[in-house]
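# Reading the structure
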Amino acid sequence: MSRDPMRPPPLDVDVLVVGAGLSGIDMACRLATERPELTWAVLEARSATGGTWDLFRYPGIRSDSDMYTLGFPFRPWRGRTSIAPASEILQYLRDTADEYGVTGRTHLGQRVTRLEWSSAEERWTVTARRDDGEVLEHTARFVHLATGYYSYEAGHVVDFPGRASFAGDVVHPQHWPEGTSVAGRRVVLIGSGATAVTLVPALVDAGAASVTMLQRSPSYVAALANTDRVADVARRVLPPRAAHHLVRGKNVALATATYQFLRRWPDAGRRVLRRRLLERLPEGYDVDTHFNPAYDPWDQRVCLAPDGDLLDAIAGGGAEVVTATIDRFVPEGVRLGDGRVLPADLVVTATGLRLEIGGGAALAVDGHAVSVPAHHVYKGCMLSGVPNLFLSVGYTNASWTLRADLTARWVCHLLGHLDRRGLGVATPRWDGTGGADRPLLDLTSGYVRRGAHLLPHQAERRPWRVVQSYLYDVAVTRFGRLEDGVLELR
């Protein structure tokens, strides 16, 4: 049977990038500029590019780190705000993809379901299913998984008792229904993480009659200025690229110093965070109940409130925080463990993500299934015993792009090294010298604990340790030796 000429043929390329979000576009841009002699393409399961920034549509969706570090180092962020709305980030990503020729090599609506390596052929066979059910088998020398670490299909859903009896609407932020009205409605938002901190002031601004953030336990929240005065001055006196690198470097240094302070002196850090909250909230507000977690700063992510918008919403009376357990849903709202009922017309369950590697695709090497959790991560971007496969894993304490771009540059360096030596296969070999196993993500957040068993491990010592330090990783990935006795090249 002949192939329909309107159907796309299977691809056969040097590098196949899976995922057209921030990491995938970054990798593709680096291939275009640093390895122009290679053939490459991008597969995207969804019908649009942009990844996270196209998927999430809930009110107020924005970055949770500054755009001077979340943006690409090779294409300056020119937006006025430092913490940008999703629409601006999405446009930035798509403009970047257009400018670097990535859009024309991106194949939408192809969900990768299986990746199988053949040592005899030294190639991957990548099985992808189109939206219309057609199955394509692409081949590539190398595969880069830019799929992140959470499932795009569904977030973590809690089966609250009595949910079916609730007379209002229940929505999860990951799949916010188009046209959902908030104006004039009483909203109870369950959760205390970054999504909840983003949603609360946006719901107030959207005209909700009342907004209650219902949390079982609090998170740390820090107000961050949404404009960067250094960036404003630098743009006036320096060329765009020089200004971008100056501000990016300043923000990396500041974020690194802040993180190290909070981790090394958590009690002092806790006092600083508490004092700043007291300055923004009404006198007598119970900060210790609602914003003083039992864990140390950065055991879980510190939530950012641009210009203190969450705190202003609380201080202005548009929103309140309730720290309590849930007994059950009732027709008129949510009943708490102490018997109180929070009246609601709309309940938003910001209960977290479901972790997943590779978009849920099955992985095999020479016919043998690969159990990802049984493997170790090499330099934060390869799996032990798996040839020619790379993955993007960003930082937990800084912008995702910082590590994603370092990974992309290291991969390009490795590809050039292999080609110059006439080699074609790179395989990290776990030799046990890394020490004891550790979870890949060093956070105690609920979504991380729930899904840790689905992720590969890191270890105690390099190159099997994922260090949460951009400056350290710059040194290792840019200037470290490829021939380290662990990465087998042939």
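To keep things clear, this report deals only with the structure shown in the data block. (Residues numbered from 1 in each chain as written. Predicted model: local features only at pLDDT ≥ 70, side-chain atom pairs only at ≥ 80, totals over all residues. Heavy atoms only, no water.)

## Quick word on the nonpolar core
Within the largest apolar cluster, 123 residues are counted, with the highest numbers of intra-cluster contacts made by Trp53, Leu115, Trp124, Leu189, Phe291, Trp410 and Leu414. Residues in contact with phenylalanine 291, not counting those within four places in the same chain, are Pro218, Ser219, Val221, Leu277, Leu281, Tyr285, Leu310, Ile314 and Val321. Core analysis: the next-biggest nonpolar cluster, separate from the first, contains 13 residues, Leu214, Val334, Leu342 and Ala344 among them. (Core = buried A, V, L, I, M, F, W, Y, C linked by side-chain atoms within 4.5 Å. Buried < 20%, exposed > 50% of the residue type's maximum accessible area, 1.4 Å probe, protein only. Contact = heavy atoms within 4.5 Å.)

## Observations regarding the sheet that holds strand 9 (residues 210–215)
If you trace the five strands from one edge of the open sheet to the other, you get 7-16-8-9-12, paired in parallel fashion. The open sheet has two edge strands with one neighbour each: strand 7 (169–171) and strand 12 (319–323). Sheet twist, expressed as the mean angle between neighbouring strand axes with direction ignored, is 20°. Note that strand 9 and strand 12 share five bridges and pair parallel. Bridge pairing links leucine 214 to valine 322 in strand 12. (Pairing = 2+ DSSP bridges. Helix = DSSP H or I, 4+ residues; strand = E, 2+ residues; numbered from the N terminus. Axes fitted to C-alpha atoms, helices over the stretch in contact; angles between N-to-C directions.)

## A short note on the environment of alanine 459
With respect to the helices and strands, the residue alanine 459 is situated in the loop between strand 24 (457–458) and helix 13 (470–479). Residues alanine 459 and threonine 256, 203 residues apart in the sequence, show an inter-C-alpha distance of 22 Å. Contact partners of alanine 459, with chain neighbours within four places excluded, come to Trp430, Gly434, Gly435, Ala436, Arg438, Trp464 and Arg465.

## Details of the packing of helix 11 (residues 400–420) against helix 13
Contact geometry for helix 11 and helix 13: axes closest at 10 Å, N-to-C directions at 5°. Overall, the two elements helix 11 and helix 13 adopt an arrangement that is roughly parallel. Within the contact between the two elements, helix 11 uses Leu402, Arg403, Leu406, Arg409 and Trp410 and helix 13 uses Tyr470, Asp473, Val474, Thr477 and Arg478. Each residue belonging to the contact of helix 11 with helix 13 can be placed in one class, and the counts come to five nonpolar, one polar and four charged. (Parallel < 35°, antiparallel > 145°, perpendicular 65-115°, else oblique. Nonpolar A, V, L, I, M, F, W, Y, C, P; charged D, E, K, R; others polar.)

## Quick notes on the state of the cysteines
This model, assessed by the stated rule, comprises zero disulfides. Cysteine cysteine 29 is unpaired, with the sulfur of cysteine 412 as its nearest cysteine sulfur at 11 Å. Taking relative accessible area as the criterion, cysteine 29 reaches 1% and is therefore assigned buried. (Disulfide = S-S within 2.5 Å.)

## Details of the pattern of salt bridges
Here the structure, examined in full by the defined rule, presents 30 salt bridges. The partner of arginine 409 in a salt bridge is glutamate 34, and the shortest N-O contact between them spans 3.7 Å. Taken together, the positions of arginine 409 in helix 11 and glutamate 34 in helix 1 (residues 22–34) put the pair 375 residues apart, joining distant regions of the chain. Look at arginine 409 and you get partly exposed, because its relative accessible area is 24%. Residue arginine 340 pairs with aspartate 338 through a salt bridge whose shortest N-O separation is 2.9 Å. We classify arginine 340 as partly exposed; its relative accessible area is 40%. On the accessibility criterion, aspartate 338 (51% relative accessible area) is exposed. Three or more residues joined by partner-sharing salt bridges are found here, namely Arg30, Glu34, Asp405 and Arg409. (Salt bridge = Lys/Arg side-chain N within 4 Å of Asp/Glu carboxyl O.)

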